[in-house]
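Listed below, chain by chain, are the residues.
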Amino acid sequence: MLGAILQIPGVPGGPEVLIILVIIVFLFGANKIPELAGALGEARGEFEQGRSEVENELEEMQDVAQGNTDPSGGTNAANDASSGGDTVDHNPPEVNEKNTEVESN
């Protein structure tokens, strides 16, 4: 009964995993497997770090949008706006550059 509970449809079992591991050893060689595992671990660490940075930025954006805190860590954004403080536009309009080269004959 316990064996039937542990079997999840669509997930490879013991023999399938063993075959996959043998194929990986044939493709990359036994010496390359630790290097591949290390690279995979580094990539996962970088992914987790990037994900946490994005989550922090999203939380800060939500706090600023709700008027709770200033992203610089100081005062309330609503108080700055009501006190007549200068506002900074973080999304400036696009600048169209003109060609300033002078052609000489």
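Because the structure is a prediction, the values reported are computed rather than measured.

Comments concerning the overall build of the protein
Okay, so step 1: Along its length, the protein carries four helices and zero strands.
Okay, so step 2: Reading the helices (α) and strands (β) of the protein from amino to carboxyl end gives α-α-α-α.
Okay, so step 3: Here the protein holds 105 residues, and 1% of them are scored as buried.
Okay, so step 4: Carbon and sulfur atoms provide 58% of the accessible area of the protein, an area that totals close to 10000 Å².

As for the confidence of the model for the protein
Okay, so step 1: Taken residue by residue, the protein gives an average pLDDT of 74. The fraction at 70 or more is 58%.
Okay, so step 2: For the protein, per-element mean pLDDT is lowest for helix 4 (residues 77-82), which scores 48, and highest for helix 3 (residues 33-66), which scores 91.
Okay, so step 3: Predicted confidence is poor over residues 75-82, with pLDDT under 50, and the contacts of this stretch with residues over four places away or in other chains come to eight contacts.

Some words on the pattern of salt bridges
Okay, so step 1: For the structure shown, the criterion picks out three salt bridges.
Okay, so step 2: Here K32 and E35 are joined by a salt bridge, their closest N and O atoms 3.7 Å apart.
Okay, so step 3: Two residues, E48 and R51, come together in a salt bridge whose shortest N-O distance is 3.0 Å. Pair noted here: E48 and R51 are both in helix 3, with a separation of three residues, about one helical turn.

Let's talk about a nonpolar patch on the surface
Okay, so step 1: On the surface, V17, I19, I20, L21, I23, I24, L27, F28 and L36 cluster together into a nonpolar patch covering about 810 Å² of accessible area.
Okay, so step 2: In terms of residue count, helix 2 (residues 14-28) provides more of the nonpolar patch than any other element does, eight residues in total.
Okay, so step 3: With respect to the helices and strands, the residue F28 is situated in helix 2.

Quick notes on a negative patch on the surface
Okay, so step 1: Residues E53, E57, E59 and E60 make up a contiguous surface patch of negative charge.
Okay, so step 2: Within the fold, E60 resides in helix 3.
Okay, so step 3: Its relative accessible area of 43% is what places E60 among the partly exposed residues.

What about helix 2?
Okay, so step 1: The first and last C-alpha atoms of helix 2 sit 21 Å apart over 15 residues, in line with the 21 Å expected at 1.5 Å per residue.
Okay, so step 2: Following helix 2 by one or two positions, G29 adopts a phi angle in the positive range, close to 90°.

How each quantity is defined
Residues numbered from 1 in each chain as written. Predicted model: local features only at pLDDT ≥ 70, side-chain atom pairs only at ≥ 80, totals over all residues. Heavy atoms only, no water. Helix = DSSP H or I, 4+ residues; strand = E, 2+ residues; numbered from the N terminus. Buried < 20%, exposed > 50% of the residue type's maximum accessible area, 1.4 Å probe, protein only. Areas by Shrake-Rupley, 256 points an atom, 1.4 Å probe, with all protein chains shown as cover. pLDDT = per-residue confidence, 0-100. Contact = heavy atoms within 4.5 Å. Salt bridge = Lys/Arg side-chain N within 4 Å of Asp/Glu carboxyl O. Patch = residues over 30% accessible without salt bridge, like charges linked within 9 Å, V, L, I, M, F, W, Y side chains within 5 Å. Lys, Arg positive; Asp, Glu negative; His and termini not counted. Charge placed at Lys NZ, Arg CZ, Asp CG, Glu CD. Expected span 1.5 Å × (residues − 1).

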